[in-house]
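Architecture and fold: a report
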Amino acid sequence: SDDGKLSFDEFKAYFADGVLSGEELHELFHTIDTHNTDNLDTEELCEYFSQHLGEYENVLSVLEDLNITILKAMDKTKKDYQEASNLEQFVTRFLLKETLNQLQSLQSSLECAMETTEEQTRQERQGPTKPEVLAVQWPGKRSARRLQRNNSLSPSNPQFNTGWSEEDSQWMTQINRLQKLIDRLEKKDLKLEPFEEEVLEENARSHIMIVQRQMSVVEAEVEEFRLALKQYVESASAQSGCLHVSIQKLPNDSRFIIYEFWENSNVWNSHLQTNYSKTFQRSNVDFLETPELITTMLVPGKY
């Protein structure tokens, strides 16, 4: 809530990793809360994690230096690029791409290590302990690993089923319905040209952003969730960049699927920073059984 401290609910929403149980998270919270205020401040968090850094003290130190170095390079690029020669601009673009590739390679290694350690822990902890999975995904801090696992709507993608439960047998049906939703968009003078070659624009404004959001709601909170969802949809639909919002509820299940169509990715990112969007996400801390699953896809279109 931006008050400079974390309540237990905020702590649980951010730190729950699907492995520690609610009781273990509660015990950890009070271990860190050395001031016994039932709130964690920055000093307490730093003191606790500093005691457990080990080899990662050097890693985090290097990352801090790397972050500063990259920001300095970006600032110089911003100042010099426009006045540079064609050859110098080419070299700059190459170096940017190579830097990004190196960082993505490092990220992939870290994600693999995270997946492995979590899986090992789950196997070791098989038993009556129920993991706490109430983590909320805040704008800008959404799990990159979860997004990477679910960023494709193609069943041929080898990552397609990663992170989804067996009971999602209706997933393909939902995808097929996307075409019907796209057809409805044509009533807004939308022209799709799937068989024509199109030169991509750098800002991707010629591409519509399709967002699918899956939410598993606690049964006792379904009615309250419906009210919050209604307010959210009404606010989102009123935005100038919102083309369409559709809600579906799976039968015999308290799971909701929201399809949102936005004019482009920039409009979607701006939408995430609005007060009504943040309010909806905060309310979901109490409403959802598991973290929200978000899938995005850009669709070529002219309007």
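Residues numbered from 1 in each chain as written. Predicted model: local features only at pLDDT ≥ 70, side-chain atom pairs only at ≥ 80, totals over all residues. Heavy atoms only, no water.

Overview of the UniProt feature "domain: EF-hand" (unreviewed entry) in the protein
To keep it simple, the criterion reads: UniProt positions are given in the numbering used here, feature names are shortened, and annotations may be inferred rather than shown by experiment. Only runs of H or I of at least four residues qualify as helices and only runs of E of at least two qualify as strands under DSSP, and these elements are numbered from the N terminus.
Residues annotated in UniProt with the feature "domain: EF-hand" (unreviewed entry) correspond here to residues 20-55. Measuring from the first to the last C-alpha atom of residues 20-55 gives 23 Å, for a span that is 56% helix and 6% strand.

Looking at unusual backbone geometry
Which entries qualify depends on this criterion: Burial status follows relative accessibility: with a 1.4 Å probe on protein chains alone, a residue under 20% of its type maximum counts as buried, one over 50% as exposed, and anything between as partly exposed.
The residue N36 is not glycine, and still its phi comes out positive at about 55°. Although it is not a glycine, D38 sits at a positive phi angle of roughly 60°. Among the structural elements, D38 can be located in the loop between α2 (22-32) and β2 (40-41). Its relative accessible area of 49% is what places D38 among the partly exposed residues.

Description of the pattern of salt bridges
Applied cut-off: Any Lys or Arg side-chain nitrogen located within 4 Å of an Asp or Glu carboxyl oxygen qualifies as a salt bridge.
In this structure the tally under the stated criterion is 5 salt bridges. Residue K76 is joined to D80 by a salt bridge in which the shortest nitrogen-to-oxygen separation is 2.8 Å. With K76 and D80 both in helix α4 (residues 56-80), this residue pair falls 4 residues apart, about one helical turn. Between E223 and R226 there is a salt bridge, with the nearest N and O atoms lying 3.8 Å from each other. Of the two residues, E223 and R226 both sit in helix α8 (residues 222-237), 3 residues apart, roughly one turn of that helix. We classify E223 as exposed; its relative accessible area is 56%. Given a relative accessible area of 36%, R226 falls into the partly exposed group.

A look at the nonpolar core
Filter applied, for reference: Each nonpolar core is a collection of buried residues, namely Ala, Val, Leu, Ile, Met, Phe, Trp, Tyr and Cys, held together in the definition by side-chain atoms within 4.5 Å. Only heavy atoms matter for contacts: two residues are in contact if any of them lie within 4.5 Å across the pair.
Core analysis: the largest hydrophobic core is formed by 23 residues, its most contacted members being V217, F225, L229, Y232, W262 and F280. The set of elements that each furnish at least two residues to this core consists of β3 (207-216), α8, β4 (242-249), β5 (255-262), α9 (265-272) and α10 (275-287). It is α8 that provides the largest number of residues to this core, a total of 7 residues. When sequence neighbours within four positions are dropped, the list of residues in contact with Y232 reads R213, E260, H271, Y276, S277 and F280.

Focus on helix α5 (residues 86-124)
Condition: Expected span of a helix: the number of residues minus one, times 1.5 Å.
Taking 1.5 Å per residue, 39 residues should reach 57 Å; α5 reaches 57 Å between its end C-alpha atoms and fits that length. Those residues of α5 lying buried are Q89, E111 and E118.

Some points on a nonpolar patch on the surface
Rule in force here: Excluding any residue in a salt bridge, patches collect residues exceeding 30% relative accessible area, merging like charges within 9 Å and nonpolar Val, Leu, Ile, Met, Phe, Trp and Tyr side chains within 5 Å. In short, Shrake-Rupley with a 1.4 Å probe defines the accessible areas, and a residue's cover is counted only from the protein chains shown.
The grouping of Y56, V59, L60, L63, L66, L103, L106 and L110 at the surface amounts to a nonpolar patch, some 700 Å² of accessible area in total. For the nonpolar patch, the secondary structure elements donating two or more residues are α4 and α5. Among the elements that line the nonpolar patch, the one with the most residues is α4, at 5 residues. Mapping L103 onto the fold places it in helix α5. The exposure class of L103 is partly exposed, given its relative accessible area of 34%.

Here's the deal with the environment of D80
Short version of the rule: Pairing of N or O atoms within 3.5 Å defines a polar contact, subject to two protein rules: one partner must be a possible hydrogen donor and the other a possible acceptor, and residues neighboring in sequence count only if both atoms are side-chain atoms.
Under the relative-accessibility criterion, D80 is labelled partly exposed at 35%. Side chain to side chain, D80 and K76 meet in a polar contact 2.8 Å long.

As for the environment of S216
By secondary structure assignment, the location of S216 is in strand β3. The contact partners of S216, leaving out residues within four places of it in the chain, are S254, R255, F287, L288, E289 and T290.

Regarding the confidence of the model for the protein
As a reminder of what qualifies: The predictor's confidence in any single residue is recorded as pLDDT, a number from 0 to 100.
Considering every residue of the protein, the mean pLDDT works out to 76; 72% of them sit at 70 or more. Considering only residues more than four positions removed or in separate chains, one finds that residues 134-169, a stretch of pLDDT under 50, has 77 contacts.

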